[in-house]
Each structure stands twice: as C-alpha cells, then as structure tokens.
2 protein chains.
Amino acid sequence: MNLDKNWFSEINPQFGVAFSLQIKEKLHEEQTQYQKISIYDTTDFGKLMTIDDLFMVTDRDNFLYHEMMSHIALFTHPNPRHVVIIGGGDCGTLREVLRHPTVEQATQVEIDERVTRLSEHYFPSLCESNHDPRANLLFDDGIQWMADAPDQSIDVIIIDSTDPVGPAEGLFNLAFYRQCRRVLREDGILVQQTESPLLHLPLLQSVHQAMRAAEFKNTRTFQFPLCTYPSGWWTGTMAGNGDLTQFRVEAAQNKTFATQYYNTEIHQASFALPNFMQQAFS
Amino acid sequence: MNLDKNWFSEINPQFGVAFSLQIKEKLHEEQTQYQKISIYDTTDFGKLMTIDDLFMVTDRDNFLYHEMMSHIALFTHPNPRHVVIIGGGDCGTLREVLRHPTVEQATQVEIDERVTRLSEHYFPSLCESNHDPRANLLFDDGIQWMADAPDQSIDVIIIDSTDPVGPAEGLFNLAFYRQCRRVLREDGILVQQTESPLLHLPLLQSVHQAMRAAEFKNTRTFQFPLCTYPSGWWTGTMAGNGDLTQFRVEAAQNKTFATQYYNTEIHQASFALPNFMQQAFS
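Residues numbered from 1 in each chain as written. Chains lettered and ligands numbered in written order. Predicted model: local features only at pLDDT ≥ 70, side-chain atom pairs only at ≥ 80, totals over all residues. Heavy atoms only, no water.

Chemist: Sorry if this is basic, but what is going on with the nonpolar core here?
Modeler: Note that soluble globular proteins tend to have their nonpolar side chains buried in a common cluster. Grouped together as the largest cluster of nonpolar side chains are 113 residues, with contacts concentrated most on Ile158 and Met238 of chain A together with Ile158 and Met238 of chain B. Each residue touching Met238 of chain A, except ones within four places of it in the same chain, is listed here: Ile72, Ala73, Thr76, Ile189, Leu190, Val191, Asn218, Thr219, Arg220, Phe222, Leu244 and Phe271 of chain A. (Core = buried A, V, L, I, M, F, W, Y, C linked by side-chain atoms within 4.5 Å. Buried < 20%, exposed > 50% of the residue type's maximum accessible area, 1.4 Å probe, protein only. Contact = heavy atoms within 4.5 Å.)

Chemist: Just to check I follow, could you spell out the environment of Gln268 of chain B for this structure?
Modeler: Within the secondary structure, Gln268 of chain B sits in helix H8 (residues 264–269). With 264 residues separating them in the primary sequence, Gln268 of chain B and Asp4 of chain B have C-alpha atoms 42 Å apart. (Helix = DSSP H or I, 4+ residues; strand = E, 2+ residues; numbered from the N terminus.)

Chemist: Explain the confidence of the model for chain A here, please?
Modeler: Reading fine detail from the predicted coordinates is not recommended where pLDDT is low. Chain-level pLDDT for chain A is 97 on average; 100% of the residues reach the 70-or-more range. Two summary scores accompany this predicted model of the complex, namely pTM at 0.97 and ipTM at 0.96. (pLDDT = per-residue confidence, 0-100.)

Chemist: Any chance you could explain the packing of helix H5 (residues 174–183) of chain B against helix H6 (residues 201–213) of chain B here in plain terms?
Modeler: Each packed pair of helices is defined by two parameters, the angle between the axes and the distance between the axes. Residue and element names in this part refer to chain B. The N-to-C vectors of H5 and H6 enclose an angle of 45°; their axes lie 8 Å apart at closest approach. The angle between the axes of H5 and H6 places the two elements in the oblique class. Of the two possible hands of crossing, H5 and H6 adopt the one that is right-handed. Along the contact surface, H5 presents Leu174, Tyr177 and Arg178, while H6 presents Val207, Ala210, Met211 and Ala213. Classifying every residue of the contact of H5 with H6 gives six nonpolar, no polar and one charged. (Axes fitted to C-alpha atoms, helices over the stretch in contact; angles between N-to-C directions. Parallel < 35°, antiparallel > 145°, perpendicular 65-115°, else oblique. Left-handed = near helix turned anticlockwise from the far one by under 90°. Nonpolar A, V, L, I, M, F, W, Y, C, P; charged D, E, K, R; others polar.)

Chemist: In this structure, what is going on with unusual backbone geometry? I would like to understand it.
Modeler: With glycine set apart, most residues show a phi of negative sign, and most peptide bonds adopt trans. The phi dihedral of Cys91 of chain A falls on the positive side, at around 75°, and the residue is not glycine. Located in the positive-phi region is Glu215 of chain B, a residue other than glycine, with phi close to 70°. Along the chain, the position of Glu215 of chain B falls in the loop between H6 and strand S11 (218–225). Judged by its relative accessible area of 59%, Glu215 of chain B falls in the exposed class.

Chemist: Could you clarify how one ought to interpret the sheet that holds strand S12 (residues 233–240) of chain A in this entry?
Modeler: The pairing of strands in a sheet comes from backbone hydrogen bonds and takes either a parallel or an antiparallel form. Residues and elements named next belong to chain A. Reading across from one edge, S8-S7-S6-S9-S10-S12-S11 is the order of the seven strands in this open sheet, with mixed pairing throughout. The open sheet has two free edges, formed respectively by strand S8 (135–139) and strand S11 (218–225), since each of these has just one partner strand. Adjacent strand axes in the sheet meet at a mean angle of 15° when their direction is disregarded. Pairing analysis gives five bridges linking strand S10 (residues 184–193) to S12, with the strands arranged antiparallel. Bridged to Gln192 within S12 is Thr237. On the sheet, helix H5 (residues 174–183) packs against strand S6 (82–87), strand S9 (154–160) and S10 and is oriented at approximately 140° with respect to S10. (Pairing = 2+ DSSP bridges.)

Chemist: Please explain the side chain of Thr76 of chain B as it appears in this structure.
Modeler: Residues and elements named next belong to chain B. Among the secondary structure elements, Thr76 is positioned in helix H1 (residues 62–76). Classification of Thr76 as buried rests on a relative accessible area of 9%. Among the polar contacts listed, one links the side chain of Thr76 to the backbone oxygen of Ile72, at a separation of 2.6 Å. Apart from the residues within four sequence positions on either side, Thr76 is in contact with Ile189, Met238, Leu244, Gln246, Phe247 and His267. (Polar contact = N/O pair within 3.5 Å; in protein donor to acceptor, adjacent residues only side chain to side chain.)

Chemist: What's the story with the interface of chain B and chain A in this structure? I'm lost.
Modeler: Reports often express the size of an interface as the amount of accessible area lost when the parts come together. Listed by partner, the interface residues are 47 residues for chain B and 47 residues for chain A. Of the roughly 3,400 Å² buried between chain B and chain A on both sides combined, carbon and sulfur atoms contribute 64%. Viewed at the interface, chain A and chain B are joined by zero salt bridges. Remark: the boundary between chain B and chain A carries 22 residue pairs in polar contact (both at pLDDT 80 or more). (Buried area = accessible area lost by both parts, 1.4 Å probe. Salt bridge = Lys/Arg side-chain N within 4 Å of Asp/Glu carboxyl O.)

Chemist: Help me understand the relation of the copies chain B and chain A in this model?
Modeler: Relating the two copies of this chain is a rotation about some axis coupled with a shift parallel to it. Mapping chain B onto chain A is achieved by rotating through 180° and translating by 0.0 Å along the same axis, at an RMSD of 0.0 Å. Accordingly, the operation relating the two chain copies is best matched by a two-fold axis. When the interface residues of chain B are mapped onto chain A, 100% of them are again interface residues, pointing to one common binding face. (Least-squares fit on C-alpha atoms with pLDDT ≥ 70 in both.)

Chemist: Explain the domain arrangement of chain A to me, please; I cannot follow it from the model alone.
Modeler: Residue and element names in this part refer to chain A. When its domains are assigned, chain A resolves into domain 1 (7–58) and domain 2 (62–281). Taking the mean C-alpha position of each, domain 1 and domain 2 sit 23 Å from one another. Across the boundary between the two partners, domain 1 contributes 24 residues, which contact 21 residues of domain 2. Summed over both partners, the interface of domain 1 with domain 2 comes to about 2,000 Å²; 71% of that surface belongs to carbon and sulfur atoms. In terms of surface lost to domain 2, no three residues of domain 1 exceed Phe15, Tyr34 and Val57, which account for 25% of the buried area on that side. Here domain 1 and domain 2 share one salt bridge between them. The salt bridge involving Glu30 is made with Arg114; its shortest N-O contact spans 2.7 Å. (Domains from an automatic or database assignment.)

Chemist: So what exactly am I meant to see when it comes to the packing of aromatic side chains here?
Modeler: The relation between two aromatic rings is expressed through the spacing of the ring centres and the mutual angle of the planes. For the coordinates displayed, the defined rule picks out 24 aromatic pairs over all chains. Ring geometry for Phe63 of chain A and Phe276 of chain B: centres 5.9 Å apart, planes at 85°, overall edge-to-face. Taken together, the residues span two chains, with Phe63 of chain A in helix H1 (residues 62–76) and Phe276 of chain B in helix H9 (residues 275–281). The pair Phe63 of chain A / Phe276 of chain B is uniform in exposure class, with both members buried. Relative to Phe271 of chain A, the ring of Phe222 of chain A lies with its centre 5.6 Å away and its plane at 65°, an arrangement referred to as edge-to-face. Placement of the pair is Phe222 of chain A in strand S11 and Phe271 of chain A in the loop between helix H8 (264–269) and helix H9 (275–281), with a sequence separation of 49 residues. Across the pair, Phe271 of chain A and Phe222 of chain A agree in class, each one buried. (Phe/Tyr/Trp six-rings, centres within 6.5 Å; stacked < 30°, edge-to-face > 60°.)

Dropping the structure here:
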C-alpha cells in the first residue's frame, strides 16, 4: 500500500517526520492574501483544514488542543473577564473560552478572515459561539492589535497561532511578550501554543527566556497529546505574575460545560514534565 | 514534496492514519519464521526497526516506551525480585528492568530470536544488559511459557508485545490473563502495552474487563506520548490485587539510574485520564 492521492501528508523534512490522513475528497482550496487554505473530508478524522499544507484542525482531535489552550489558563486566572485570542481563526478556542461564565468579552484577532469564514462553513460546531454577544471577531494583525491595546486592559491572552515561521514568527519573541505584559492586568495570564517537546525543545527554551525577559515572574509549560501535529505531542506555555501552580479547582470541578479531555486531574498532571524537559528549562 | 523512497511509512488504513520517517538507507531486511523484520537508518530518529512494516523501535523515542513499561510497574510493586517480559525482543525493557537493584532475575520470553539478534547488532545500547547475570533470555512462545510456569513464582509480568493481531493476539484475552494471575505472587503486578486511547478505545475496554474477569482486583491505565506509534499517544494498563494508586515514591525519587522521561511526578500524572477515557472505563 502506498500513500497515494487518497492521502494528505504533512511532511516536515527538517525533522524527518511526516503524518498523513486518508481522505475521501478535497472539498476546497484557495490562496488568500496570506496563505493557502485547503479543506478535506477524511475517512476517519472528519473534516480537515490545512494551511500551507500543514495540519490546522480536524473534527476528530481538535478537542485536545482547544480545551487545553483555553481551560488551563482560564481556570488558573482568579476571575477572567476580558480574554483576547491572537490567531485562533477556526474559532474553536473562542468557543471554549465563552463556556466560562466569568468571561464578559472574548476578542479573537485573526489575520486572515478566510480562515474563519471557511471554518464557519466546514466546522460549524467550532463556530457555534461566534454569535454570542460576548464574542468580538476582528480580522487584523495580532502584533499591531497588541501594540495599540490600552495598558492593563486584558485578563487572559491566548496565542493560538501557526508555527513560528511566516506570519506567526513575530508572536514568539521578547518584543511581543513585552506588549502582552503591558496589556495584561496585574494578575493577567498569557498562554501560548509552544510546539512539540520532542522536536522543538530549543524554541521552548527560548520562549521561557523571552517571557522572563519580558518581566513575567513565572512561566510554566504543560503538555498534551495531539495526534495530527508533528510528533503527536504538544505543549502550551503560560506566563504570569501570580502563582501559576494554583488554579480554581472547585470551579473546574463544578464547571457547567462538558469536556472530552480536560478535567482537574488532567490540569494538574499536564504540568508534570519529563526529566529531559526539566533539564532544558533549568 | 512527496513521500518517495526516501521515507518509510507505517500505513493504517483501518484508522485512516499513517506516520513516516525519512530514511537514509535500508540496512537489513529478512523474513523470519514469524514475520518480516527490517532495519533502517533514518535522518533524524537514528536506527529504526520495523516488523511487518510497523514501527517497533527507534533510537530517538524508544525511551518513552521502555521507561514507562518498566518503571511504573516496578516502583508500584513493593519488592520486585522476579520479573518476566513477554515479547520485548529489542531488549530495551529488559535493560530498564535490570536497573532496579531489587531485581534478582529478569526473564525475557521472545518468540522470535532474530528480533533480539538484530537488536544486539543495530541497537547495542538497548542490549547493554543482555549479559547481566540476572538476565535470562529465552526464545519461546510466551503463552506456552506462562502455561508451564509454576504457581505464584513471579512478581511482575510485563507484556511488551506487538499489536493484538497475529502472534500477539493471544496475549490480550481472559485465558492468558488467568495464567498470569496464577503465576503471579499475591502482591504481583501485570502490566501490558495497550495501544492508543484515540484509536483503540474498545480494545482498552476489553482489556480492563478481561483482567477483572481473571480476578485481578484492580486495573489502571496510564498514558504517555509515543511519536512513532499510531496517533502518537500510547497506554499501558496494570492489573494487580494491591493498591495500584500507591508506589514506592522514595525509592523512585532516589533511584540510582538516569531516565529521560520517567520521574515521580510523571508516574503520578500518567494515571490522570481524560474524561472520554474515564467514561469508557466506568
């Protein structure tokens, strides 16, 4: 058996790995001002969106990413009212954020409106909160948005971006973290998707260093499985000035919404890091 | 870019997924009495062994599997002296088991001697304990070995097998677990690799049911990342009559050997299960 035209492969020659899903058909493809977006129907993972031929989201495993990128930070913050998502155009993170009753406004700043419009069409369940009155969908450059945002106006910043190359490169550096630090309230929390522990350890190290250099007192990385991203193993990294080891356990235990992956044990457990990561961050 | 002859792909059409490693060259291939064994040199994952074109072991990520399949069970058992490994022909689990000073004898029962001979040649570091006087390498059918073993003679049984099809099928059922139960001492522990939570949830459910039916009082599944196995997310399941939630924390903290993944926090954390798994096992 060969990986013929019935398979879509994300190939990462720089790491020597590739992952493939079997597809029934390509449903859509377009070149936007920023990138190539493709939509496939797969045999076992539901719909698939790729950007520049990299896996972005599938029906089957996106719960791992969206739950972990939102609930960890939102249950760590004492009272998250104003949340901004940088990137996140598929709207899955927005939906999870808006499940929190404390949230008064969630602003999504996606650079490419077509990501969201295609998600609305092909991933309607991810977009089911787009018309929530608390949702604020902007199509703009996240770096510029952050530079223009008022001091101490946001409780949680979620950087839900593509890999740190191309449009997302400027979201992984000291200058951007300094802006985030300025825009966050004193007990504010920044959380960022920070790639694979197996493949991107130097990036993870540099993120910790840059977040500390931006005068966040504390940084903490958590890990979770993610089948369709390179190596199947992914991380998020939080930065803040409060104690990031504590979270609102009771609120998380009594949460009013269902999750497939996240729970209080998973929250705690996701911060247990392997020796090789502990050594890299020490 | 295509996945041409410079890539080796494990293709699982029944799950609609494939994973590929970029290779420099194929170093060896042979058909044994039981299976086809191939050895590749990869660009980024060191040496790779496949059996019937399925990933078995790579230099780069085998630590995840071997550490988790041995140290969880051995630090849970109060005093593991006699250990048997069913399968495990690459000898990586044997090496980890023999790092425990309590272990007096570790018997590896691999059906296909060629797996071990090729591992000695191509994965010498995995085999560095093969000449330990406590190591007992047998090349035999694990099911038959267990049927012939005396009652209550073993402390820890590690089922380090291929997928539950072909030669390994008989290692995932009630009849075999009954034999394991008979062969284990009263505080004995069985641990088995139990595939992917995302792809093999029905198998995991049936393993729990069969282990309980074999009169193990307690069963517990732990999870870990494993880049080169389908979905990148893997599990082990323990069965025993003692309290599997406790382990020798102090011994694990003061262990006399290095690990890359395993530590006491990881031990504890690996048993935190996502909601969808908790629901499947309840």
